[in-house]
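Now for the letters of each chain:
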Amino acid sequence: MYDVIVIGTSWGGLDAVSRLLDGLDDAVRQPIVVVQHRSVESQEGALARILGDHTSRTVCDPDDKTEIEPYHVYLGPPDYHVLVEEGHIALSTDDVVEYARPSIDVLFESAADAYGDRAIGIVLTGANHDGARGLARIKQRGGVAIVQEPETSTRRAMPDAAIAATDADAILPLDEIPKFLYGLCT
Amino acid sequence: MALPLTETAAPPPEDPELEQLEIDLLLEAVYRRYGFDFRQYAVASLKRRLWRRLAAERVGTISELQARLLHDPRCMERLLLDLSINVTSMFRDPTFYLAFREKVVPLLRTYPFTRIWCAGCSTGEEVYSLAILLEEEGVYERTRIYATDINENVLTTAREGVFPLASMQQYTENYIRSGGKHDFSRYYVAAYDGAQFPHSLTENVVFAQHNLAMDRSFNDFNVIICRNVMIYFDRALQDRVHGLFHDSLEMFGILALGHKESLAFTSHAGSYDEIDPAERIYRKIR
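## Overview of the pairing of strand S7 (residues 221–226) of chain B
All names here are of chain B.
Next, step 1: Among the six residues of S7, five are classified as buried, and the element is accordingly described as predominantly covered.
Next, step 2: Pairing of strand S1 (residues 114–119) with S7, which is carried by three bridges, proceeds in the parallel orientation. Its bridge partner being in S7, Trp117 is matched across the sheet by Ile224.
Next, step 3: Pairing analysis gives five bridges linking S7 to strand S8 (residues 249–257), with the strands arranged parallel. Each residue of the ladder has a partner; that of Cys226, found in S8, is Leu257.
Next, step 4: Taken together, S7, helix H9 (residues 235–248) and S8 constitute a β-α-β crossover, and its handedness is right-handed.

Rendered as structure tokens:
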């Protein structure tokens, strides 16, 4: 059984995550942690409010040590890396990784490390290659690697890099990802 | 596709349980040999920093790193830097400094003398920011700032007061947004690729080595600022440090944490009032 879903995206990500959450069945109770690349100045809570309109799940910018609960969506806060430890969120202000903070690789590697084969990683649309290394780590630790189909992504660089870095379990158009998660998680 | 090797490249750990054993042994060895206690550091970030050190030292396993640490104190110094440097910038989170100006400084004006503890000051960016702010508000003269860090090397950098010239554009923007009253460039002199801040800014600053994980309270304070330091500690250690801060704060003293650090998860939540909830500025009430 899976205990956490981690999602990484940059360019086009707001729309993609919104649609993914829209389509996700309520029976999928797993906590979701999202890194959407965002600027340092991006307003605290704004992204959470936008995504909150697309789901009845609780969406929040977590504090350090926030307990990870079912049916919640946690967003990487601006200018912090977001990591998961068993049962809670951990933040860091360590250096940017590949120009990004929050970094998708940092989140994914922590999920692979803390959750092993109980982690599901998803790389969505984006214009760089963040997330590729992290997704490979999730897969290596026995977790599930899902990538948005590059042809149907707003920007395909990030899905392409993820597919090149690991043997993904599923490469799917955005609208089919919720169904796939339902199959895995219920 | 070959991924570019960056400093974060880590050897993929093949056996998680073995890795955990190696980490436990290494931290124990560091503690017993060098007296630095990292055993209660938050595990996810600690591992990333260890992986980075493995890559930089070009060793394959944590056990190999342990052997090198034990036999080569210079290797320990390098690891200490990895584990203790907290990346920061001048006027990081300008809204915090704005709130400090507007909500804390008026309180400080009512005190004849103010003692401030910057705990985990790293390379000093925050200390200089604070000194500039207090000077502009006319209270620096009757303030003493105790700036402490676990690592003597970063304190040396902090004392020197030279920061990368390339960062000044960002710091200037931060300064303006923090309510700065002057032209930021008046505070530094460019020399080569560094920006030298005047020693007058540290006249009332005492830099001292202090280990939050192990050392005791050393004074009573009106203000304690500890931002984005405890995020690297586990909950038990956070609780310990909050106990230390509570003991070190005078009644109605101010505690300032990072934007994403909450008192709610600690055993001291009931001891403080919120002065500015979003900026995580609290006041001790019991």
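The discussion continues.
## Quick look at the interface of chain B and chain A
Next, step 1: Listed as interface residues are 22 residues of chain B and, on the opposing side, 26 residues of chain A.
Next, step 2: At five residues, helix H2 (residues 43–57) of chain B tops the list of elements feeding residues into the side of chain B that touches chain A.
Next, step 3: Per-class residue counts for the side of chain B that touches chain A are eleven nonpolar, six polar and five charged.

## Description of the packing of helix H4 (residues 132–140) of chain A against helix H5 (residues 157–165) of chain A
Residues and elements named next belong to chain A.
Next, step 1: Their axes nearest at 8 Å, the elements H4 and H5 cross at an angle of 40 degrees. Between H4 and H5, the interaxial angle falls into the category oblique. The way H4 lies across H5 gives a crossing that is right-handed. Side by side, H4 and H5 meet where Ala132, Arg133, Leu135 and Ala136 of the first sit next to Ala161, Ala162, Ala164 and Ala165 of the second.
Next, step 2: Counted by class, the contact of H4 with H5 contains seven nonpolar, no polar and one charged residues.

## Focus on the sheet that holds strand S4 (residues 189–191) of chain B
All names here are of chain B.
Next, step 1: Spatially, three strands are ordered S3-S5-S4 in an open sheet, and the strand pairing comes out antiparallel. With partners counted over all chains shown, the strands left at the sheet margins are strand S3 (162–164) and S4, one partner each. Ignoring which end each strand starts from, the neighbouring axes of this sheet average 35 degrees apart.
Next, step 2: Where S3 lies against strand S5 (residues 194–196), three bridges are found, and the strand directions are antiparallel. Among the inter-strand pairings, Val162 is bridged to a residue of S5, identified as Gln196.

## Remarks on the domain arrangement of chain B
Residues and elements named next belong to chain B.
Next, step 1: Along its sequence, chain B is carved into domain 1 (16–84) and domain 2 (94–284).
Next, step 2: Here domain 1 and domain 2 have C-alpha centroids that lie 29 Å from each other.
Next, step 3: Listed per partner, the contact involves eight residues of domain 1 and twelve residues of domain 2.
Next, step 4: Take the side of domain 1 that touches domain 2: its biggest share by element is three residues, from helix H4 (residues 73–84).
Next, step 5: The residue inventory of the side of domain 1 that touches domain 2, partitioned by class, reads four nonpolar, three polar and one charged.

## Describing the sheet that holds strand S9 (residues 272–276) of chain B
Residue and element names in this part refer to chain B.
Next, step 1: The seven strands are arranged S6-S2-S1-S7-S8-S10-S9 in an open sheet whose pairing can be described as mixed. If you trace the sheet from one side to the other, it starts and ends with strand S6 (205–209) and S9, each paired once. With strand direction ignored, the average angle separating the axes of adjacent strands in the sheet is 20 degrees.

## As for the environment of Ala162 of chain A
Residue and element names in this part refer to chain A.
Next, step 1: Inspection of the secondary structure puts Ala162 in helix H5.
Next, step 2: Using a count of 33 C-beta atoms within 10 Å as the deciding quantity, one classes Ala162 as buried.
Next, step 3: Along the primary structure Ala162 and Ile146 are separated by 16 residues, whereas in three dimensions their C-alpha atoms are 9.1 Å apart.
Next, step 4: What Ala162 contacts, discounting residues up to four positions off in sequence, is Val123, Gly131, Ala132, Leu135, Val147 and Ala168.

## Topic: unusual backbone geometry
Next, step 1: Here the residue pair Arg101 of chain A and Pro102 of chain A is connected by a cis peptide bond, since its omega of 10 degrees sits within 30 degrees of zero.
Next, step 2: Tracing the chain through its elements places Pro102 of chain A in the loop between strand S6 (88–92) and helix H3 (104–115).
Next, step 3: One non-glycine residue with positive phi stands out, namely Tyr99 of chain A, at about 70 degrees.
Next, step 4: Phi is positive for Asp93 of chain B, close to 60 degrees, though the residue is something other than glycine.
Next, step 5: With respect to the helices, strands and loops of the structure, Asp93 of chain B is situated in the loop between H4 and helix H5 (94–109).
Next, step 6: Take Asp93 of chain B: there are 21 C-beta atoms within 10 Å of it, and that puts it in the buried class.

About the thresholds
Residue positions are given per chain, counting from 1 as you read along its sequence in written order. Each chain gets a letter, beginning with A, and each ligand a number, beginning with 1, in the order they are written. A pLDDT threshold of at least 70 governs which residues receive local features in this predicted model, and a stricter bar of 80 or more applies before side-chain atom pairs are shown or counted, although totals over entire chains, interfaces and linings include all residues. Three exposure classes are used, all based on how many other C-beta atoms lie within 10 Å of a residue's own C-beta (placed from the backbone): buried at 20 or more, exposed at 12 or fewer, and partly exposed between those limits. Elements are defined by DSSP. Helices are runs of H or I of four residues or more, strands are runs of E of two residues or more, and each kind is numbered from the N terminus. Paired strands are those between which DSSP finds at least two bridges. Orient the strands so they point away from the viewer, and a crossover whose first-strand-to-second-strand path over the helix runs clockwise is right-handed. Placing C-beta atoms from the backbone, we regard two residues as in contact once those atoms come within 7 Å. Basically, the charged four are Asp, Glu, Lys and Arg, the nonpolar ten are Ala, Val, Leu, Ile, Met, Phe, Trp, Tyr, Cys and Pro, and anything else, Gly included, counts as polar. Note on method: axes are straight lines fitted to C-alpha atoms, helices fitted across the in-contact stretch only, with angles between N-to-C directions ranging 0 to 180 degrees. Each angle is binned into one of four classes, with values under 35 degrees roughly parallel, values over 145 roughly antiparallel, values of 65 to 115 roughly perpendicular, and all other values oblique. For any pair of crossing helices, the crossing counts as left-handed if the nearer helix is rotated counterclockwise from the farther one by less than a right angle, and right-handed if it is rotated clockwise. Note: domain ranges come from an automatic or database domain assignment.

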